[in-house]
Amino acid sequence: AVTAPPTLRGGQGATLVRVVAGTPEAGDASSLADAVRRVADGGIIELAYDGVRREDPLALEGRHLTLRPALGMNPVVEFQGTRPWGPQGTPVACDVGDGTLIIRGAAVRLAAESDAEPRRALFAIRSGRLTCDDVTLGMPGDPSSPRPSMTTAPAFITIAATPTGDLQSSTI
């Protein structure tokens, strides 16, 4: 008989942490940042809610994580605010850095904020990896307005590394 490996759920170093709406039960996280702090390297964060949930910016700090919805859920992660990243202090919502982030079946977007920096990124990657499978990415803006110039447009992803490790900036 083949059996699945046991899943440690909820506590510090857990292989699965669920982010829930409302009051979390034992082992559940009240925010994405809390789940990132608690889940083990290589673990899964499950979004167990429907609709939009505003989250603070976060950093993976070299860890390898998977973000996915709970069965039957349609979550939207909306990052409010950014954190400085890289030598120029580019504001980013999610710093993948040297880690790996796999996102499956969820929507991730940057909140529209009136006092926000004009040039922001949803994700930042150094030598890490970002994989999106069946994911909707969103940036703020008025779809009826003309496209802003490249110098002020928000970016989905900012990458800053060369094969030799020298810093270089590239925006997607």
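For the structure itself, look to the data block above.
Cut-off values and rules
Residues numbered from 1 in each chain as written. Predicted model: local features only at pLDDT ≥ 70, side-chain atom pairs only at ≥ 80, totals over all residues. Heavy atoms only, no water. Pairing = 2+ DSSP bridges. Helix = DSSP H or I, 4+ residues; strand = E, 2+ residues; numbered from the N terminus. Axes fitted to C-alpha atoms, helices over the stretch in contact; angles between N-to-C directions. Salt bridge = Lys/Arg side-chain N within 4 Å of Asp/Glu carboxyl O. Buried < 20%, exposed > 50% of the residue type's maximum accessible area, 1.4 Å probe, protein only. Contact = heavy atoms within 4.5 Å. Right-handed = clockwise from strand over helix to strand, strands pointing away.

A.B. asks: Could you clarify how one ought to interpret the sheet that holds strand β10 (residues 107-110) in this entry?
C.D. replies: In any sheet, the strands associate via hydrogen bonds between backbone groups, in a parallel or an antiparallel arrangement. One open sheet accounts for four strands, arranged β3-β6-β10-β13; its pairing is parallel. Every other strand in the sheet has two partners, leaving β3 (51-55) and β13 (136-138) as the edge strands with one partner each. Each strand of the sheet is rotated relative to its neighbour by a mean of 20°, with strand direction disregarded. Pairing of β3 with strand β6 (residues 75-79) involves five bridges; the strand directions are parallel. Following the sheet pairing, Arg53 is matched in β6 by Val77.

A.B. asks: Help me out: how do you make sense of the sheet that holds strand β2 (residues 39-48) in this one?
C.D. replies: Strand order across the open sheet formed by five strands is β1-β2-β5-β9-β12, with parallel pairing between neighbours. Edge strands, defined here as strands with exactly one partner in the open sheet, are β1 (14-20) and β12 (129-133). Averaged over neighbouring strand pairs, the angle between their axes works out to 15° when direction is ignored.

A.B. asks: Just checking my understanding: could you explain the pattern of salt bridges for this structure?
C.D. replies: Think of it this way: side chains of opposite charge can pair up when their charged atoms draw near. One pass over the structure, following the stated rule, counts eleven salt bridges. The salt bridge partner of Asp28 is Arg18, with a shortest N-O separation of 3.7 Å. Of this pair, Asp28 sits in the loop between β1 and α1 (32-38) while Arg18 sits in strand β1, and the two are ten residues apart along the sequence. The exposure class of Arg18 is partly exposed, given its relative accessible area of 24%. A salt bridge links Glu55 to Arg53; its shortest N-O distance comes to 2.8 Å. Judged by relative accessible area, which is 3%, Glu55 ranks as buried. Several salt bridges share partner residues, and in doing so they unite Arg18, Asp28, Glu46 and Arg68 into one network.

A.B. asks: Got a minute to help me understand the environment of Gly128 in this structure?
C.D. replies: Here Gly128 shows up in the loop between β11 (121-125) and β12. On the basis of relative accessible area, Gly128 is assigned to the partly exposed category, the value being 22%. For the pair Gly128 and Leu60, spaced 68 residues apart in sequence, the C-alpha to C-alpha distance is 10.0 Å. Beyond its immediate stretch of four places on either side in the chain, Gly128 contacts Gly97, Asp98 and Gly99.

A.B. asks: What should I look at first to understand the pairing of β1 in this one?
C.D. replies: Buried residues dominate β1, accounting for five of its seven residues. Where β1 meets β2, six bridges bridge the pair, whose relative direction is parallel. Residue pairing for β2: Val19 is matched across the bridge by Leu47. The β-α-β motif built from β1, the intervening α1 and the parallel element β2 has right-handed crossover chirality.

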